[in-house]
Amino acid sequence: AVVSTQSTGNEAKIRKMQITKAFEEGSKPAFRGGISNRAYEAAESEQTLGYSNSELMQQHQSAFDEQEQGLSRISGIVRRQKEIGLAMGDELDEQNDLLGEIQEKTEATGAQINRQTRAIGHVSAREGNLCGYWITIILLFVAIIAVIFWKVV
C-alpha cells in the first residue's frame, strides 16, 4: 500500500511539472482520464487579455519581487523599532536607578532635617534659662563700667 501511494505521489508531481511546462510554453496541457480541457480553462480578464503565459508569469514574478522588497523594508523598519524600544528600555532602567538614588538621598536629608529641627527645639526650650544668663552678663557689664568710673573720678 505504501508503494502505490508513493508512485501516485510521484505521478502527481510529474503531471504538475508537465502542466507548468505547457503553460510556460503557451500551449494547453492535455488532460487524460476522460476530463475535458474546458473544465480547467480560466476565463481571461481584461488584465490578462493579450499576454502570453510567460509574460503573465513574468508579471507575477515582478509583483512577487516587489512584495519581497516591501517586506524586506518593513522587516528593517521593525528591526530598527525593536532596537529603539530596547534602547528606551535601557534608558528607563538607568533613569529608575537614578530616581532610586535620589529617593535615598532625599530620605537621608529629610532625616537630617528632622534631627536638626529637634535640636533647635531643645535650644528654644532652654531659652528661658538664657534670660538669666543675659541678666548676669548685663549686671557684670554695669559693674565693670561702675568700677572704671569710680577709679577715674
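Rules used throughout
Residues numbered from 1 in each chain as written. Predicted model: local features only at pLDDT ≥ 70, side-chain atom pairs only at ≥ 80, totals over all residues. Heavy atoms only, no water. Helix = DSSP H or I, 4+ residues; strand = E, 2+ residues; numbered from the N terminus. Buried < 20%, exposed > 50% of the residue type's maximum accessible area, 1.4 Å probe, protein only. Areas by Shrake-Rupley, 256 points an atom, 1.4 Å probe, with all protein chains shown as cover. pLDDT = per-residue confidence, 0-100. Patch = residues over 30% accessible without salt bridge, like charges linked within 9 Å, V, L, I, M, F, W, Y side chains within 5 Å. Salt bridge = Lys/Arg side-chain N within 4 Å of Asp/Glu carboxyl O. Lys, Arg positive; Asp, Glu negative; His and termini not counted. Charge placed at Lys NZ, Arg CZ, Asp CG, Glu CD.

A few points about the overall build of the protein
Then step 1. For the protein, the helix and strand inventory stands at three helices and zero strands.
Then step 2. Beginning at the N terminus, the succession of helices and strands in the protein can be written as α-α-α.
Then step 3. The 153 residues of the protein split such that 4% are buried.
Then step 4. A total accessible area of about 14,000 Å² is found for the protein, and carbon and sulfur atoms account for 61% of it.

Quick word on the confidence of the model for the protein
Then step 1. Mean pLDDT over the protein: 79, with 75% of residues reaching 70 or higher.
Then step 2. Confidence, read as mean pLDDT per element, is least for helix α1 (residues 2-25) in the protein (67) and greatest for helix α2 (residues 53-125) (91).

Quick word on a negative patch on the surface
Then step 1. A cluster of like negative charges, contributed by D90, E91, D93, E94, D97, E101, E104 and E107, occupies part of the molecular surface.
Then step 2. Within the secondary structure, E104 sits in helix α2.

Describing a nonpolar patch on the surface
Then step 1. A cluster of nonpolar residues, I138, F141, V142, I145 and F149, forms a patch on the protein surface that exposes about 500 Å² of accessible area.
Then step 2. Examined against the element boundaries, F149 turns out to sit in helix α3 (residues 127-152).

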